[in-house]
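Report on the structure
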Amino acid sequence: QEYLDFRKERSRMLLSRRNQLLLEFSFWNEPQPRQGPNIYELRTYKLKPGTMIEWGNNWARAIKYRQENQEAVGGFFSQIGELYVVHHLWAYRDLQSREETRNAAWRKRGWDENVYYTGEWDPHLLWGPPACAGEPLPSPLSFPSPVPLIRTMESRIMIPLKISPLQ
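Residues numbered from 1 in each chain as written. Predicted model: local features only at pLDDT ≥ 70, side-chain atom pairs only at ≥ 80, totals over all residues. Heavy atoms only, no water.

- Taking an unreviewed UniProt entry as the reference, the chain is identified by name as NIPS1 protein belonging to Alaudala cheleensis.
- Quoted straight from UniProt, the Sequence similarities (unreviewed entry) entry for the chain says "Belongs to the NipSnap family." (UniProt positions renumbered as here; feature names shortened; annotations may be inferred.)

Right under this line is the structure:
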């Protein structure tokens, strides 16, 4: 009876729920307990159907550029539930170190080439806006046009509970 009362009370607070069974990408480090304090960023990508292998191949090459600071915690993909969903978990000391680390990664040639390929192609992301109105952008043929793999992307900043092994 106590459990039934709990379920009834919980149902008043619960608006929706999604479950996923996730598998870890083999090229990411296995998540290990960490000393803190840290914040964590969970980046969720919903991919276009049929693109998971291509996504994995690009990230297998790219992830080595983010291993040196130990910010890469884990990378997972959905096996049951909504399919073609990828989750990346990153650890940072604070929001400032997050910004610095991410900016430094984009200056690394191997990182930019592999990660850029997984997103939507926008020449303004590559070359920036034209210097003055009406100035043409460089030809897209001067850089390989990526295959757009991402439908949507979401980022969440999380602070671990004291009981979490990830501090």
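So, next bit.
**Some details on the environment of T152**
- Looking at the secondary structure, you find T152 in strand β5 (residues 150–158).
- Look at T152 and you get partly exposed, because its relative accessible area is 42%.
- Between the C-alpha atom of T152 and that of T44, which follows or precedes it by 108 residues, the distance is 8.2 Å.
- Beyond its immediate chain neighbours, meaning those up to four positions away, T152 contacts T44, Y45 and K46. (Helix = DSSP H or I, 4+ residues; strand = E, 2+ residues; numbered from the N terminus. Buried < 20%, exposed > 50% of the residue type's maximum accessible area, 1.4 Å probe, protein only. Contact = heavy atoms within 4.5 Å.)

**A look at the environment of L83**
- Along the polypeptide, L83 turns up in the loop between β3 (72–80) and β4 (85–92).
- Taking the C-alpha atoms as reference, L83 lies 8.6 Å from L47; in sequence the two are 36 residues apart.

**Topic: the pattern of salt bridges**
- For the structure on display, the rule yields seven salt bridges.
- Ionic pairing is found between E82 and K46, a salt bridge with its closest N-O pair at 3.5 Å. Here K46 lies in strand β2 (residues 39–47) and E82 lies in the loop between β3 and β4, a separation of 36 residues in the sequence.
- Taken together, the salt bridges that share partners define one network made up of R18, K46 and E82. (Salt bridge = Lys/Arg side-chain N within 4 Å of Asp/Glu carboxyl O.)

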